[in-house]
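A closer look at the structure
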Amino acid sequence: MKRGTLYAVGVGPGKAGHLTLLAAETLRACPVIAAPRTGGGHMLALEIAQKAVPLADKTVLPLDFAMKRGEAERESAYAAAERALCAVLDAGQDIALVNLGDVSIYASGQYLLERIRQKGYAAVMVPGIPSFCAAAARLGISLTDMQSPVHLVPGEANLAQALDWPGTKILMKTGRSLPGVLQLLAQRQLLEKSALVCDCGLAAERVWPNLANQQPAQGETGYFALVIVKE
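What counts, and at which threshold
- Residues numbered from 1 in each chain as written.
- Predicted model: local features only at pLDDT ≥ 70, side-chain atom pairs only at ≥ 80, totals over all residues.
- Heavy atoms only, no water.
- Helix = DSSP H or I, 4+ residues; strand = E, 2+ residues; numbered from the N terminus.
- Rg over C-alpha atoms; globule rule 2.2 N^0.38 Å.
- Buried < 20%, exposed > 50% of the residue type's maximum accessible area, 1.4 Å probe, protein only.
- Contact = heavy atoms within 4.5 Å.
- Areas by Shrake-Rupley, 256 points an atom, 1.4 Å probe, with all protein chains shown as cover.
- Lys, Arg positive; Asp, Glu negative; His and termini not counted.
- Charge placed at Lys NZ, Arg CZ, Asp CG, Glu CD.
- Pairing = 2+ DSSP bridges.
- Axes fitted to C-alpha atoms, helices over the stretch in contact; angles between N-to-C directions.
- Parallel < 35°, antiparallel > 145°, perpendicular 65-115°, else oblique.
- Left-handed = near helix turned anticlockwise from the far one by under 90°.

**Here's the deal with the overall build of the protein chain**
- Of the regular secondary structure elements, the protein chain holds seven helices and ten strands.
- For the protein chain, whose C-alpha radius of gyration is 19 Å, the value lies close to the compact-globule estimate of 17 Å for 231 residues.
- In terms of principal-axis extent, the alpha carbons of the protein chain reach across some 60 × 35 × 35 Å.
- In the protein chain, which comprises 231 residues, the proportion classed as buried is 47%.
- A sequence separation of at least 24 residues applies to 71% of the contacts in the protein chain between residues at least 6 apart.
- For the protein chain, the exposed area adds up to about 11600 Å²; of that, 52% sits on carbon and sulfur atoms.
- Of the side-chain charges in the protein chain, 22 are positive and 20 negative, and the distance between the mean point of each set is 1 Å.

Written as structure tokens, this is what we have:
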């Protein structure tokens with residue numbers, strides 16, 4: 001029997017309208033939808049996809065991931081997800097693995113994609129709208145000027161060093177470290193040049209277009225807090 005193909009599908013950051021036509025087409029074509037699931041049973045990427053494409057007739061394959069696991073626990077989770085995916089692919093069924101944002105940017109699905117490829121299965125990436133592009137559009141700003149670079153900085157990076165880089169800095173997933181980020185921006189006199197979008201495209205979306213004028217209260221932002229520093 002011919003093996004199935006794994007499609008890693010970017011579903012955008014939140015709004016159903018952020019799902020691309022190619023992503024919708026892929027979701028319709030695949031009989032199995034694999035979706036990351038948090039420890040609390042939440043499958044956000046699947047919920048976003050369901051807003052845009054009817055998926056009631058699909059088989060849903062939950063894949064359990066938790067952000068706070070240690071390296072050994074993460075490896076165990078990925079190995080279990082790999083086995084589940086391979087079983088479906090060996091049965092000849094195609095799988096759409098849904099990912100928030102774009103599948104090439106800090107995507108959990110990318111780790112699985114590489115593992116599946118190494119085992120000789122066919123794997124295809126379907127791009128999605130990145131959260132920082134959606135956030136820039138929500139703010140009504142361009143991320144670049146003609147000659148300026150753009151830097152993607154994960155929340156756990158050395159932000160003090162990153163803020164020395166030229167051009168626009170996109171500080172992703174800063175929710176847990178936001179108080180320290182705001183303090184550092186104030187010390188560098190960068191609040192006037194900084195904006196914050198939390199849960200972009202979701203029902204809980206909040207926007208602070210100029211952090212020098214207004215900042216979120218403690219606990220007002222969640223994990224998906226994105227800061228744009230444009231110099």
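Text resumes after the structure shown.
**Topic: the sheet that holds strand 9 (residues 206-208)**
- Strand order in the open sheet formed by five strands is 6-7-10-8-9, with mixed pairing between adjacent strands. At either end of the open sheet lies a strand with only one pairing partner, and these are strand 6 (150-154) and strand 9. The mean inter-strand angle of the sheet, taken between neighbouring strand axes irrespective of direction, is 15°.
- Strands in contact with helix 5 (residues 131-139) are strand 6, strand 7 (168-172), strand 8 (194-198), strand 9 and strand 10 (225-230); relative to strand 10, the strand with the most contacts, it is inclined by about 65°.
- With respect to the sheet, helix 7 (residues 178-187) is in contact with strand 7, strand 8 and strand 10, its orientation differing from that of strand 10 by roughly 10°.

**A short note on the packing of helix 3 (residues 71-90) against helix 4 (residues 108-118)**
- At a minimum axis distance of 10 Å, the contact between helix 3 and helix 4 shows a crossing angle of 60°. Here helix 3 lies oblique to helix 4, going by the angle between them. For the element pair helix 3 and helix 4, the recorded crossing hand is right-handed. Residue-level inspection shows Glu 75, Tyr 78, Ala 79, Ala 81, Glu 82, Leu 85, Cys 86 and Leu 89 of helix 3 in contact with helix 4, the latter providing Ser 108, Tyr 111, Leu 112, Arg 115 and Ile 116.

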